[in-house]
Amino acid sequence: MNFFRGVMGGQPAGPQPSGADTIQKLCDRVASSTLLEDRRDAVRALKSLSKKYRMEVGTQAMDHLIHILQTDRSDSEILGYALDTLYNIICSDEEEEPDDSEEDAQRRQEDDIGAQFTEKFIQEADNVTLLLTLLEEFDFHVRWPGVKLLTALLKSQCAQVQGIILVSPMGVSRLMDLLADSREVIRNDGLLLLQQLTKGNAAIQKIVAFENAFERLLDIITEEGTSDGGIVVEDCLLLLLNLLKNNSSNQNFFKEGSYIQRMKPWFEVGDDNSGWSAQKVTNLHLMLQLVRVMVSPVNSPGATASCQKSMFQCGLLQQLCTILMATGVPADILTETINTVSEVIRGSQVNQDYFASVNAPSNPPRPAIVVLLMSMVNERQPFVLRCAVLYCFQCFLYKNQKGQGEIVATLLPSTIDANSISAGQLLCGGLFSADSLSNWCAAVALGHALQDNLTQKEQLLRVQLATSLGKPPVSLLQQCTNILSQGDKISRRGSKVQTRVGLLMLLCTWMSNCPIAVTHFLHNQENVPFLTAQISENLGEDERLVQGLCALLLGICIYYNDNSLENYTKEKLKQLIEKRIGKENFVEKLGFITKHELYSRAAQKPQPAFSTPEHMLFDHEFTKLVKELEGVITKAVHKSSEEDKKEEEVKKTLEQHDSIVTQYKELIREQDSQINELKEQVSLLSSQKDQMQSAITQQLSQIQQHKDQYNILKLKLGKDSGQSDGGQQVNGLQLEELTLLREELEELRRQHTLLNTQLTDKDKLISSLQKAEGVQSTEGSAAENTELLKEVESLRLQVQSQAAEITQLQRDRQELQSRTETTAAVGDGDGAKVSELENRLSAQISETHRLQEEVRTLTESRAQMEKELATSTSTTAILQAEKSKLQQDVTESKKEQDDLLMLLADQDQKILALKQRLKDLGETIEDEDDLDARDQFDEDEDDEEEDDEE
């Protein structure tokens, strides 16, 4: 114990041991002491030395400390000392700041030491797993140092530690339990730990999210006071950002869990907006970033649209617009709110319509769009705020033709209201103001009102501007070109370039894909000479971008030229370029645009992100237009007049074939539809035939059953009559024959009824076939009809058989009468029996008359059935002939289709030649299917003409 007093207490006499020696003795004591108290005191001593002698303690004691963590799990105090010691050697917490000259070097050295010890600790993955199990200890002296140590490991070697925790069973779940700890210090440090754990690892982010992290974090934010909360709210928001940013799975889980609705109370700012604390500003910044993460333009369009819909339905967009129009909101919060609203409404028609309806709380009320544009064209407003307003206006017009029309309508003469300020008036004012940044922003904003909207490009040509008193008004297009040509009057060089770049981008957007605007531009005789002069001059570095944009504008005048002006046709403009500028020089100047350093920066994302106003030269949507037009303009300039003529001829030829090929396609579609209908009818007839066949089989079985019953009755009657005498046997025979005759007649009656039913079914089937006489049939249908005819013939034979049986019954009746007369001559000794037999005979005679009447009726019915059968046979033959004809028509139609397909296949080779020729001419074929169809029809016409000549 004197040793520990020497380390921890006063200074004994004699030479003092060095720090390394002391640490070595302490490590030996930790390794060799059998008493827990001795080990605990030694570890406590190491902890006190670990900050000053970080390298020595880490080198000599790390293994012993890890062994303590493994073996002394029952003593929380020694575990806490060991964890604190490991934390000190891995993470430096020096409070004294070194001199500025030595600060960077010393910090790098300390970071290197921490990285080395971290790497040594995590070489054994079991050490990290051991640390995770220690976090399950509820004791504060174990859990809190464990959280700090694991956080330090993640800061030093994030990827490696993340990999170990990811494969550790229940590793992430153990860390999530820290958020439920009732001790705030552990919960708060647990938030910092999870922040480090979720950085850049999508798999861990998903696991944390599905461990109910969103619910817990939102509960903590609410408990801490949302935006008015402290640093804990900030930590929760940072962790939410880690979980959601660039993680589509978690974003979808957040939306499906209805957590977007829980964000609305965050933005309920009161009327008194004075005295915002720095923490509240930070919290609101992070909250707005969370909203933007959910609706970022880099997300998939479907996910973004779904989140935008949820934000509108839950009232979050309305809450953001309230902040947008509130007073006393700090400038940086207002700027970020504008950017957030921009992305919430971008591309969503419902949200854009709502934003258009928002009014500022002014007297009189003004639309929010007008209020924002007033800030954009006001040079006294902060630069970042003006950029945010421009982005908001761009997002409002993105894929919003309705909004584009409303903005352009405020510029038209019929809708201008002198008593109010409109968006169009503000844009025109900014376009022609003395502030170059206002010029650029207004030009870009107006260009977005024309983006991909030919109607509004044509409508904007109607706009007339009054320049000064006593002078006639000029068009907006002309005024833009006038300002371009008079750019020398703008004093500052940089401002001049920014203004001209903005106007040139507006003109290029306006005239692209709008031949009428090109014609209006070329109608001014000064515009083309101005462009050629600008392109051909050798100007400084700053003017190169202007030259490239002038080349782009002139190229648009060539590519979208409809040759309506004789002096400025495509060919004459190309000749002018070749003489005044040179084709190669023109292409080189055109390439100045994409080679500019600010071009690639603007092409990265839609939001304008510029460090200084001078860097605002390119718009994101304009970079797309340049990428689309640069190649086609280069090809158009290099084409010769002959190639242009051939290209025009090819286009006309292809256009002529369009309608005819479309007709052939429609014909093929109709034939396919008819074939499908015929197949369905064949299937229906087949099923009907199967049903009828089954019914006939069932009826035959019933007939056989009746025959069996008849034979049994016949045998029974024979046995009963065998007991009487001779005369009685004769009369018994008569009775038996009469009974048999009656049964046979009943059987014939049933069969007659059955045949009538079958003939009725056949008549219905024949009637349905007659209705379908105009429909084509297949080979299978003809075979089925043949089978049907065979069945009808079989029925006819059955009727004939029944007639023969009826004739035989008539003969039997006559024979029975003769036998009756013979029986009447029997002697008087049998008088009583004869009397009885006469009575019975009388009844049998009456029955016989009745049977004769029924036989006559059956005979007439048979004759009628034969007549109907003959009619059915004739009708069936006619139908068979018509079906054969229809089958032949189908075969011919198929043959015509095959011929047409063969012609289409043969035409492919010619199409390839034409496509190669068009490629050589510089033309891009957009619809290859239509081109193939046109060439096919051309070949078809040639073949028909050859056939006619032959």
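Residues numbered from 1 in each chain as written. Predicted model: local features only at pLDDT ≥ 70, side-chain atom pairs only at ≥ 80, totals over all residues. Heavy atoms only, no water.

**Describing the overall build of the protein chain**
- Broken down by element type, the protein chain carries 40 helices and four strands.
- If you sum the accessible surface of the protein chain, you get close to 48300 Å²; carbon and sulfur atoms cover 49% of it. (Helix = DSSP H or I, 4+ residues; strand = E, 2+ residues; numbered from the N terminus. Areas by Shrake-Rupley, 256 points an atom, 1.4 Å probe, with all protein chains shown as cover.)

**Some details on the nonpolar core**
- Leu150, Leu175, Trp266, Phe267, Phe355, Leu476 and Leu552 are the most contacted members of the largest nonpolar core, which totals 208 residues.
- The biggest single contributor to this core is helix α21 (residues 383-397), with twelve residues.
- When near neighbours in sequence (up to four residues on either side) are disregarded, Leu552 contacts Cys508, Leu590, Ile593, Phe622, Val626, Leu629 and Ile633. (Core = buried A, V, L, I, M, F, W, Y, C linked by side-chain atoms within 4.5 Å. Buried < 20%, exposed > 50% of the residue type's maximum accessible area, 1.4 Å probe, protein only. Contact = heavy atoms within 4.5 Å.)

**Looking at the packing of helix α18 (residues 331-345) against α21**
- Following both chains from N to C, one finds α18 and α21 inclined at 15 degrees, their axes separated by 8 Å at the closest point. By the angle between their axes, α18 is roughly parallel relative to α21. The hand of the α18/α21 crossing is left-handed. Contacts from Leu334, Thr335, Ile338, Asn339, Ser342, Glu343 and Ile345 in α18 reach Val384, Leu385, Ala388, Val389, Tyr391, Cys392, Cys395 and Phe396 in α21. (Axes fitted to C-alpha atoms, helices over the stretch in contact; angles between N-to-C directions. Parallel < 35°, antiparallel > 145°, perpendicular 65-115°, else oblique. Left-handed = near helix turned anticlockwise from the far one by under 90°.)

**Brief notes about the packing of aromatic side chains**
- According to the stated counting rule, one finds eleven aromatic pairs in the structure shown.
- One aromatic cluster is present, formed by Phe210, Phe214, Phe253, Phe254 and Tyr259 through successive ring pairs.
- One cation-aromatic arrangement involves Lys148 over Tyr87; the distance from NZ or CZ to the ring centre is 5.2 Å.
- Lying across the ring of Phe138, Arg183 places its NZ or CZ 3.9 Å from the centre. (Phe/Tyr/Trp six-rings, centres within 6.5 Å; stacked < 30°, edge-to-face > 60°. Lys NZ or Arg CZ within 6 Å of the ring centre and 35° of its normal.)

**Considerations on helix α29 (residues 527-536)**
- Within α29, seven of the ten residues are buried, which leaves the element mostly enclosed by the surrounding structure.
- The set of residues buried in α29 consists of Asn527, Val528, Phe530, Leu531, Thr532, Gln534 and Ile535.

**Comments concerning the environment of Arg143**
- In this structure, Arg143 sits in helix α8 (residues 140-156).
- Taking the C-alpha atoms as reference, Arg143 lies 9.6 Å from Leu79; in sequence the two are 64 residues apart.
- Among the polar contacts made by the side chain of Arg143, one reaches the side chain of Asp181 at a distance of 2.7 Å. (Polar contact = N/O pair within 3.5 Å; in protein donor to acceptor, adjacent residues only side chain to side chain.)

**Here we look at the pattern of salt bridges**
- A complete count under the given rule lists 21 salt bridges for this structure.
- Linking Arg73 and Glu137 is a salt bridge whose minimum nitrogen-to-oxygen distance equals 4.0 Å. Highlighted residues: Arg73 in the loop between α4 (54-71) and α5 (76-90) and Glu137 in the loop between α7 (125-134) and α8, separated in sequence by 64 residues.
- Look at Arg73 and you get partly exposed, because its relative accessible area is 34%.
- Residue Glu666 is joined to Arg669 by a salt bridge in which the shortest nitrogen-to-oxygen separation is 2.9 Å. Separated by three residues within a single helix, Glu666 and Arg669 lie in helix α36 (residues 641-721), roughly one turn from each other.
- We classify Glu666 as partly exposed; its relative accessible area is 39%.
- Looking at Arg669, the relative accessible area reads 47%, which means it is partly exposed.
- Beyond isolated ion pairs, a larger network of salt bridges with shared partners links Arg40, Asp75 and Glu77. (Salt bridge = Lys/Arg side-chain N within 4 Å of Asp/Glu carboxyl O.)

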